[in-house]
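Understanding the architecture of this molecule
What follows is the residue order along each chain.
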Amino acid sequence: DAGVTQSPTHLIKTRGQQVTLRCSPKSGHDTVSWYQQALGQGPQFIFQYYEEEERQRGNFPDRFSGHQFPNYSSELNVNALLLGDSALYLCASSPRGTGGAPPNTGELFFGEGSRLTVL
Amino acid sequence: AQSVTQLGSHVSVSEGALVLLRCNYSSSVPPYLFWYVQYPNQGLQLLLKYTSAATLVKGINGFEAEFKKSETSFHLTKPSAHMSDAAEYFCAVSGRNAGNMLTFGGGTRLMVKP
């Protein structure tokens, strides 16, 4: 049973460029969340997708956008990269309960992350 | 708004000693609380969670945590540290209708000395 997979694992970009990160959720999960983890800090919530729509969003600018595909996989896009965007980007998946929003079990399954370096 | 404070960014214990990692939260309503562990070059893994049942919660690998509302704390403990426990530990909080949106603390790196 494949867990959460993310690609690429590492990448280097320069300021002003754009980046796309990809995530495939754990089998049986249909909700995907993205977190940013700066060096030495805890993860910060970026946004969450289910039913191919952004459902919740953290305190991140519009330069951060996402998409969810019919197979539940997801992309995170960051435009106009800044040095401060350098971080480990984590994707987490969870199953969605009946009746809409994910159940609040807190049991997120995380991928190993994509480490982005902006020069 | 919710927040989590983890006291001590680094904790060092000897193998076999008690592990105590501190977490205090701020929330306007009773929250759900979680501890996650991150081993080097791996994703985060749920250790245990408090969702308003028993205040003493047991998790994987011998860890447990106690929810103390009066102290707004959710400290993580393990009676006897093992070398394999060396990792980064994160406390997290979620509102009851937050749909799995977690607010994490800054993390505590646990080092275990032989």
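Residues numbered from 1 in each chain as written. Chains lettered and ligands numbered in written order. Predicted model: local features only at pLDDT ≥ 70, side-chain atom pairs only at ≥ 80, totals over all residues. Heavy atoms only, no water.

**Regarding the overall build of chain B**
Selection rule: Secondary structure follows DSSP: runs of H or I at least 4 residues long count as helices, runs of E at least 2 residues long count as strands, and numbering of each begins at the N terminus. For the radius of gyration, the atoms used are the C-alpha atoms, and the globule rule reads 2.2 Å times the number of residues raised to 0.38. Only protein chains enter the calculation, and the probe is 1.4 Å; a residue is then buried if its accessible area is under 20% of its type maximum, exposed if over 50%, and partly exposed in between. Every residue pair with non-hydrogen atoms within 4.5 Å of one another is taken to be in contact. Working convention for charge: Lys and Arg count positive, Asp and Glu count negative, and His plus the chain ends are omitted. Think of each charge as sitting on NZ of Lys, CZ of Arg, CG of Asp or CD of Glu.
Regarding its fold elements, chain B presents zero helices and twelve strands. Secondary structure of chain B in N-to-C order comes out as β-β-β-β-β-β-β-β-β-β-β-β. Whereas a compact globule of 114 residues would reach a radius of gyration of roughly 13 Å, chain B reaches 13 Å, a difference of no more than 12%. For chain B, the spread of C-alpha atoms along the three principal axes comes to 45 × 30 × 20 Å. Out of the 114 residues belonging to chain B, those deemed buried represent 46%. By sequence separation, contacts in chain B at least 24 residues apart represent 57% of the contacts at least 6 residues apart. Side-chain charges of chain B comprise 9 positive and 6 negative groups, with the mean position of each set lying 5 Å from the other.

**Re the interface of chain B and chain A**
Quoted interface sizes are often the accessible area lost when the parts come together. What counts is decided by this rule: Buried area adds together the accessible area that both of two parts lose upon being put together, with accessible area traced by a 1.4 Å probe. Each reported salt bridge corresponds to a side-chain nitrogen of Lys or Arg within 4 Å of a carboxyl oxygen of Asp or Glu. In this count, Pro and Cys sit with the nonpolar residues alongside Ala, Val, Leu, Ile, Met, Phe, Trp and Tyr, while Asp, Glu, Lys and Arg are called charged and the others, Gly among them, polar.
Contacts between the two partners involve 23 residues from chain B, matched on the other side by 22 residues from chain A. Contact with chain A buries surface across chain B, with Leu44, Asn100 and Met101 of chain B losing the most and accounting together for 33% of the total. Summed over the shared surface of chain B and chain A, the result is zero salt bridges. Per-element tally for the side of chain B that touches chain A: the top contributor is strand 5 (residues 32-38) of chain B, with four residues. Partitioning the side of chain B that touches chain A into residue classes produces ten nonpolar, eleven polar and two charged.

**Thoughts on the layout of surface pockets**
Rolled over the atoms, a probe with the dimensions of a water molecule shows which regions are left empty. Basically, it comes down to this: Put plainly, a pocket is an open set of points on a 1 Å grid over the protein atoms alone with protein on both sides within 12 Å along at least five of seven lines, a cavity is a set where a 1.4 Å probe fits but cannot get out, and a lining residue has an atom within 4 Å of a point. Grid points are joined across faces, edges and corners, and a volume is the space filled by probe spheres set on the points.
Taken as a whole, the largest pocket spans an internal volume of roughly 520 Å³. Forming the boundary of the largest pocket are 25 residues, of which Gln37, Leu88 and Arg115 of chain A together with Gln38 and Asn41 of chain B lie nearest the centre. Secondary-structure elements contributing two or more residues to the lining of the largest pocket are strand 11 (114-118) of chain A together with strand 10 (87-94) of chain B. Each residue belonging to the lining of the largest pocket can be placed in one class, and the counts come to seven nonpolar, 14 polar and four charged. Considered as a void within the structure, the second largest pocket measures approximately 310 Å³ in volume. Lining the second largest pocket we find 17 residues, and of these Pro43, Gln44, Phe45 and Phe60 of chain A together with Thr103 of chain B sit closest to its centre. Mapped by element, the contributors of at least two residues to the lining of the second largest pocket are strand 5 (44-50) of chain A together with strand 11 (103-104) of chain B. For the lining of the second largest pocket, the per-class residue count stands at eight nonpolar, eight polar and one charged.

**Some words on the pairing of strand 9 (residues 73-78) of chain B**
All names here are of chain B. Quick note on the threshold: Note: two strands are recorded as paired if DSSP finds a minimum of 2 bridges between them.
With five of its six residues buried, strand 9 lies for the most part within the structure. Judged from the three bridges that link them, strand 3 (residues 19-21) and strand 9 form a sheet pairing that is antiparallel. When the bridges of strand 9 are listed, Leu21 appears paired with Leu76. Here strand 8 (residues 64-68) pairs with strand 9 via five bridges, running antiparallel. For Phe67, the partnering residue across the bridge sits in strand 9 and is Phe74. Linking strand 8 to strand 9, which pair antiparallel, is a turn of four residues; within it Thr72 sits at a positive phi near 45°.

**Topic: the pattern of salt bridges**
Tallied over the entire structure, the rule returns eight salt bridges over all chains. In this structure, Glu51 of chain A engages Arg55 of chain A in a salt bridge whose closest nitrogen and oxygen atoms are separated by 3.0 Å. For Asp85 of chain B, the salt bridge goes to Lys78 of chain B, with nearest N and O atoms at 2.9 Å. Each of the salt bridges in this network shares a partner with another, and the network as a whole consists of Glu51, Glu53 and Arg55 of chain A.

**Considering unusual backbone geometry**
Ser7 of chain A connects to Pro8 of chain A through a cis peptide bond whose omega is -10°. Structurally, Pro8 of chain A is set in the loop between strand 1 (5-7) and strand 2 (10-13). Even without glycine at this site, Thr72 of chain B takes up a positive phi of about 45°. Mapping Thr72 of chain B onto the fold places it in the loop between strand 8 and strand 9. With relative accessibility at 31%, the residue Thr72 of chain B sits in the partly exposed group.

**A short note on the sheet that holds strand 7 (residues 64-68) of chain A**
All names here are of chain A. Put simply, the rule reads: Note on geometry: axes are C-alpha line fits, over the in-contact stretch for helices, and angles between N-to-C directions span 0 to 180 degrees.
In space, the four strands of this open sheet follow the order 1-3-8-7, with antiparallel pairing throughout. The strands lining the two open edges of the sheet, one partner per strand, are strand 1 and strand 7. Here the average twist between neighbouring strands, direction ignored, is 20°. Relative to strand 8 (residues 74-78), strand 7 is paired through five bridges, and the arrangement is antiparallel. Residue Gln68 lies in a different strand from strand 8, and its bridge partner there is Ser74.

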